[in-house]
Amino acid sequence: AVFLTLMRESVSTDKMTALTSRRQVGLNAGIAAGALGFGIMLESLPFPLNYQLMFVIAFMFALMSHWHVLRVKTLYPSHVEKRQPSPRPRVPALKRGEGAALWKNANFRVVLMCVFVMHLAFFTTVALVPLHLVENLNANEAFIAAFGMVELLSGMLIATQTDKLVRFIGERGLMSAGMMGTALAAVSIALAPRAELTLISAAISGASWTAAVVGLYSFFYAKTPQEHMTRASIVQQQLAGLGLFIGPLIGSALVNAGATLVIAILVGAGARFFAALLVMD
């Protein structure tokens, strides 16, 4: 939540879509490189050296991130009027009426609806897809890894173009198109006769969700007042986390109620399609 505020305070609004797009490229690249590199290292080196080395390398990257974050300069600070010497950083109290004013903002309520609905719909079937690939399509661990890598790489590719797409169809247009793409991917995965064919669906899913997330962040930054950014970021993260929590429970409930994995994934695809309609401008 604080990082979202830092982005808003450090970069002008007209550059936020480009920043979030490049952030997704870096994020996907980091996840792909980390998963692949650490996976090879854990398999090739003896225990416990492999795990020890992995955590040492991760700690080094954390220090690099810490070093860079400390050197970000805020251009539009919203939380401090002037610097005062203090032994500990002071968190400003919420001004009287600020919370109510934030919730009265119609644009912000629409943003929160989009955040919750998109995360809820997308993650309803995310955990079911690997089970379907293994149990119904006889996929092995190597294929599951390749499936995830295709998702990440396609997300990186589309993220290089999301800045242009936002200018062409707008933030909500990109969010809606992205959710439509994830729904199409879920349907094609559920109905695929062979595991190999789902790699195309993985590419569609990764690209579509990345596009939807970039559109969502751009919409969030465009519609949230600067003076309420910190509190809005916290609420946004809470609703995203709520969607991440409830979504998988819905998918599990469907399977526990007797639905097959294919039916549960198709229901999740319907939820994604409905979410695409809700977030449409």
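You'll find the structure just up there.
## Overview of the nonpolar core
Among the nonpolar cores identified, the biggest contains 29 residues, and Cys114, Met118, Met175, Met179, Trp209, Phe220 and Tyr221 are the most heavily contacted of them. Those elements giving two or more residues to this core turn out to be helix 1 (2-10), helix 5 (106-122), helix 9 (171-191), helix 10 (198-223), helix 11 (229-256) and helix 12 (261-279). Top element by residues in this core is helix 5. It accounts for nine residues. Excluding residues that lie within four positions of it along the chain, Met118 makes contacts with Met175, Met179, Trp209, Ala212, Leu216 and Val279. Counting residues in each nonpolar core, the second largest holds 16 residues, with Val129, Phe147, Ala186 and Ala269 among its members.

## Describing the environment of Glu196
Considering the arrangement of structural elements, one finds Glu196 in the loop between helix 9 and helix 10. For the pair formed by Glu196 and Leu133, sequence separation is 63 residues and the distance between their alpha carbons is 9.8 Å.

## Re helix 11
Here helix 11 is 28 residues long and its end C-alpha atoms lie 41 Å apart, about the 40 Å a rise of 1.5 Å per residue gives. Among the residues of helix 11, those classed as buried are Met229, Ala232, Ser233, Val235, Gln236, Ala240, Gly243, Gly247 and Gly251.

## Considerations on the packing of aromatic side chains
We describe a pair of aromatic rings using the distance from one ring centre to the other and the angle between the two ring planes. A full pass over the atoms with the stated rule returns five aromatic pairs. Ring geometry for Phe122 and Phe123: centres 5.0 Å apart, planes at 85°, overall edge-to-face. Here Phe123 and Trp209 contribute two aromatic rings whose centre-to-centre distance is 5.8 Å and whose plane-to-plane angle is 90°, an arrangement assigned as edge-to-face. Of this pair, Phe123 sits in the loop between helix 5 and helix 6 (128-135) while Trp209 is found in helix 10, placing the two residues 86 residues apart along the sequence. On the accessibility criterion, Trp209 (14% relative accessible area) is buried. An aromatic cluster is defined as three or more aromatic residues linked by ring pairs; in this entry it consists of Phe122, Phe123 and Trp209. Note that Arg23 overlies the ring of Tyr217, its terminal NZ or CZ placed 5.7 Å from the centroid.

## A few points about unusual backbone geometry
Negative phi values dominate among residues other than glycine, just as trans dominates among peptide bonds. With an omega of 5°, the peptide bond between Phe47 and Pro48 qualifies as cis. Locating Pro48 in the fold gives a position in the loop between helix 2 (16-44) and helix 3 (49-69). With a phi angle near 60°, Asn138 is a residue other than glycine that sits in the positive phi range. By the element assignment, Asn138 lies in the loop between helix 6 and helix 7 (141-159). Judged by relative accessible area, Asn138 falls into the exposed class, the value being 69%.

## Considering helix 1
For helix 1, a buried count of seven out of nine residues is recorded, marking the element as mostly surrounded by other parts of the structure. Buried residues of helix 1: Leu4, Thr5, Leu6, Met7, Arg8, Glu9 and Ser10, and no others. Here the buried face of helix 1 lies against helix 2, helix 3, helix 10 and helix 11.

## Let's talk about the packing of helix 6 against helix 12
Look at helix 6 against helix 12: their axes get within 10 Å of each other, and the N-to-C directions meet at 145°. Crossing handedness for the pair helix 6 and helix 12: left-handed. Contacts from Leu128, Val129, Leu131, His132 and Glu135 of helix 6 reach helix 12 at Leu261, Val262, Ala264 and Ile265. Split into classes, the residues belonging to the contact of helix 6 with helix 12 amount to seven nonpolar, one polar and one charged.

What counts as what
Throughout this document, residue positions are counted from 1 along each chain, in the order its sequence is written. Only residues with pLDDT of at least 70 get local features here, since the model is predicted, and only at 80 or more are side-chain atom pairs given and counted; chain-wide, interface and lining totals rely on the full set of residues. To obtain the side-chain values, all non-hydrogen atoms of the structure were used and water was disregarded. The set of buried Ala, Val, Leu, Ile, Met, Phe, Trp, Tyr and Cys residues whose side-chain atoms join them within 4.5 Å is what this entry labels a nonpolar core. For every residue, the accessible area (1.4 Å probe, protein chains only) is compared with the maximum for its type, and the residue is labelled buried under 20%, exposed over 50%, or partly exposed between those bounds. Secondary structure elements are taken from DSSP: a helix is a run of H or I of four residues or more, a strand is a run of E of two residues or more, and numbering for both begins at the N terminus. Residue contacts are defined here by distance: any two heavy atoms, one from each residue, within 4.5 Å place the two residues in contact. An expected span of 1.5 Å times one less than the residue number is assigned to each helix. What counts as a ring pair is set by centres within 6.5 Å for rings of Phe, Tyr and Trp (its six-membered ring), and what kind of pair is set by the plane angle: stacked under 30 degrees, edge-to-face over 60, tilted for all other angles. In this analysis the charged atom, NZ for Lys or CZ for Arg, is taken to sit over a ring once it is within 6 Å of the ring centre and within 35 degrees of the ring normal. Throughout, an axis means a line fitted to C-alpha atoms (over the contacting stretch in the case of helices), and angles, computed between N-to-C directions, take values from 0 to 180 degrees. When the near helix sits turned anticlockwise from the far one by under a right angle, the crossing is termed left-handed; a clockwise turn instead gives a right-handed crossing. By the convention adopted, Pro, Cys, Tyr, Trp, Phe, Met, Ile, Leu, Val and Ala count as nonpolar, Lys, Arg, Asp and Glu as charged, and the other residues, Gly among them, as polar.

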